[in-house]
Amino acid sequence: MTEPAVLCAVEGGVAELTLNRPDRLNALDEAAHAALAHHLARIAADSSIRAVLLTGAGRGFCAGQDLSERLAREGSDAPDLGDTLERLYNPLVRSLRTLDKPVVCAVNGVAAGAGVSLALACDIVLAARSASFVLAFARIGLVPDSGATWFLPRLVGEARARALALLGEKVSAEQACAWGLVWKVVDDQRLLDEARTLARLLATGPTRAFALTKRALAATWDQPLDSQLALERDLQREAGQTADYREGVRAFLEKRPARFEGR
Ligand code: T3D
């Protein structure tokens with residue numbers, strides 16, 4: 001029996017997605033994309049799931065597009081890579097960014113090509129000390145994609161984004177953290193425990209407020225302060241109607257931890 005390209009385990013309100021093609025450093029083929037899309041749709045629809053953890057099996061996190069799929073097509077017409085982006089990568093990035101629940105990424109090893117974009121599309125990225133990041137696109141004659149040209153300049157600034165994209169040099173986890181690509185570097189053997197603890201914490205948080213926060217942060221790059229203030233007003237109005245807000249205030253006044261239910 002063939003192994004599933006992506007494993008999904010749900011426990012304690014957290015869906016743990018594990019890219020599961022370790023012999024290919026979890027490069028994404030059509031099956032992996034289909035599995036990710038399937039699991040993310042299920043996660044989005046299930047209100048009992050309140051946080052997601054994404055990681056990879058084996059020594060790599062994700063090596064981007066599975067290039068063996070591209071070689072198989074040689075001899076025929078050149079593949080339409082715009083089509084794969086439109087059909088597979090762009091929806092994947094959009095579904096992570098717009099998911100109404102927080103997504104933690106545990107980068108357990110090398111992230112390359114769209115594997116870097118995949119990590120950066122998540123909300124909080126932890127990296128194992130031995131992990132690394134490679135904008136491998138230029139090495140094979142491609143353009144950084146899956147949001148890489150959007151995420152990178154915003155996270156690391158123009159100068160670093162340009163050098164990373166054009167040179168495709170490997171960046172260590174420590175360097176990535178110093179540059180603001182990831183939230184934290186964690187010792188390899190502690191990575192999964194820390195990521196799970198974080199995801200479990202988020203799964204007991206005010207899920208609606210998290211979703212609205214993601215929406216506010218997503219909008220910030222595209223509009224002036226005035227519009228952002230108006231958006232915050234609208235989102236806060238919505239947050240103020242949630243049971244979690246009522247519970248948060250009550251718990252504060254009663255000097256006890258809040259018990260958020262995600263509604
Ligand atoms: O095509 C479209 O639809 C457009 C979308 C594009 C999105 C993209 O992501 S384009 C970028 C594609 N990714 C790459 O170019 C990265 C290719 N991989 C590497 O550069 C290196 O493997 C790494 C830097 C990631 C890691 O290097 P290293 O030395 O640690 O490992 P390795 O020996 O190169 O790889 C281990 C195995 O994984 C190896 O297989 P083998 O020899 O043991 O049988 C290697 O072929 C395989 N592997 C690694 N990356 C890929 C891959 N197989 C298929 N596709 C890969 N991307």
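Residues numbered from 1 in each chain as written. Predicted model: local features only at pLDDT ≥ 70, side-chain atom pairs only at ≥ 80, totals over all residues. Heavy atoms only, no water.

With that settled, consider the packing of aromatic side chains. Enumeration according to the criterion identifies 2 aromatic pairs in this entry. For the ring pair W150 and F151, a centre distance of 5.6 Å and an interplane angle of 90° mean the geometry is edge-to-face. When the centroid spacing of 6.5 Å and the interplanar angle of 85° are considered together, the rings of W150 and W221 count as edge-to-face. Taken together, the residues span a long stretch of sequence, with W150 in helix α5 (residues 148-156) and W221 in the loop between α9 (207-219) and α10 (225-239) at a distance of 71 residues. You can call W221 partly exposed: its relative accessible area is 46%. The rings of W150, F151 and W221 are connected pair by pair, giving a single aromatic cluster. (Phe/Tyr/Trp six-rings, centres within 6.5 Å; stacked < 30°, edge-to-face > 60°. Helix = DSSP H or I, 4+ residues; strand = E, 2+ residues; numbered from the N terminus. Buried < 20%, exposed > 50% of the residue type's maximum accessible area, 1.4 Å probe, protein only.)

Unlike most non-glycine residues, L25 shows phi in positive territory, near 50°. Looking at where L25 falls in the secondary structure, it is placed in the loop between β2 (14-19) and α1 (30-45).

Close to the ligand lie 24 residues; Q65, L67, R70, T84 and A114 are nearest. Contacts to the ligand include A63, whose backbone N or O atom sits 2.9 Å from a nitrogen atom. One of the backbone N or O atoms of A114 is found 2.9 Å from an oxygen atom in the ligand. Summarising the interface, the protein chains cover 68% of the accessible area of the ligand, which totals 1,000 Å² for the free molecule. (Near = heavy atom within 4 Å. Polar contact = N/O pair within 3.5 Å; in protein donor to acceptor, adjacent residues only side chain to side chain. Areas by Shrake-Rupley, 256 points an atom, 1.4 Å probe, with all protein chains shown as cover.)

Right, let's get into the nonpolar core. L19, F61, V107 and F133 are the most contacted members of the largest nonpolar core, which has 65 residues in total. For this core, the element with the highest residue contribution is helix α8 (residues 191-203), accounting for 6 residues. When near neighbours in sequence (up to four residues on either side) are disregarded, F133 contacts V107, A111, V116, A127, E169, K170, V171, A173, A176 and V182. (Core = buried A, V, L, I, M, F, W, Y, C linked by side-chain atoms within 4.5 Å. Contact = heavy atoms within 4.5 Å.)

Quick look at the packing of α1 against helix α3 (residues 81-98) now. Orientation of α1 relative to α3, taken along the N-to-C sense of each, is 30°, at an axis distance of 10 Å. In terms of their interaxial angle, α1 and α3 are classed as roughly parallel. The crossing of α1 and α3 is left-handed. Where α1 approaches α3, its residues E30, H33, L36 and L40 are matched on the opposing element by R87, L88, Y89, L92, S95 and L96. Looking at the contact of α1 with α3 residue by residue, the class counts come to 6 nonpolar, 2 polar and 2 charged. (Axes fitted to C-alpha atoms, helices over the stretch in contact; angles between N-to-C directions. Parallel < 35°, antiparallel > 145°, perpendicular 65-115°, else oblique. Left-handed = near helix turned anticlockwise from the far one by under 90°. Nonpolar A, V, L, I, M, F, W, Y, C, P; charged D, E, K, R; others polar.)

Glancing now at a nonpolar patch on the surface. Taken together, the side chains of Y245, V249, F252 and L253 define a hydrophobic patch exposed on the protein surface, amounting to about 460 Å² of accessible area. As for its placement among the helices and strands, F252 is situated in helix α11 (residues 243-253). (Patch = residues over 30% accessible without salt bridge, like charges linked within 9 Å, V, L, I, M, F, W, Y side chains within 5 Å. Salt bridge = Lys/Arg side-chain N within 4 Å of Asp/Glu carboxyl O.)

Under the criterion given, the structure shown has 21 salt bridges. For R87, the salt bridge goes to D83, with nearest N and O atoms at 3.0 Å. You can see R87 and its partner D83 sitting in helix α3, 4 residues apart, about one turn around the helix. Taking relative accessible area as the criterion, R87 reaches 40% and is therefore assigned partly exposed. What makes D83 partly exposed here is its relative accessible area of 35%. Taken together, the salt bridges that share partners define one network made up of R21, R24, D29 and D66.

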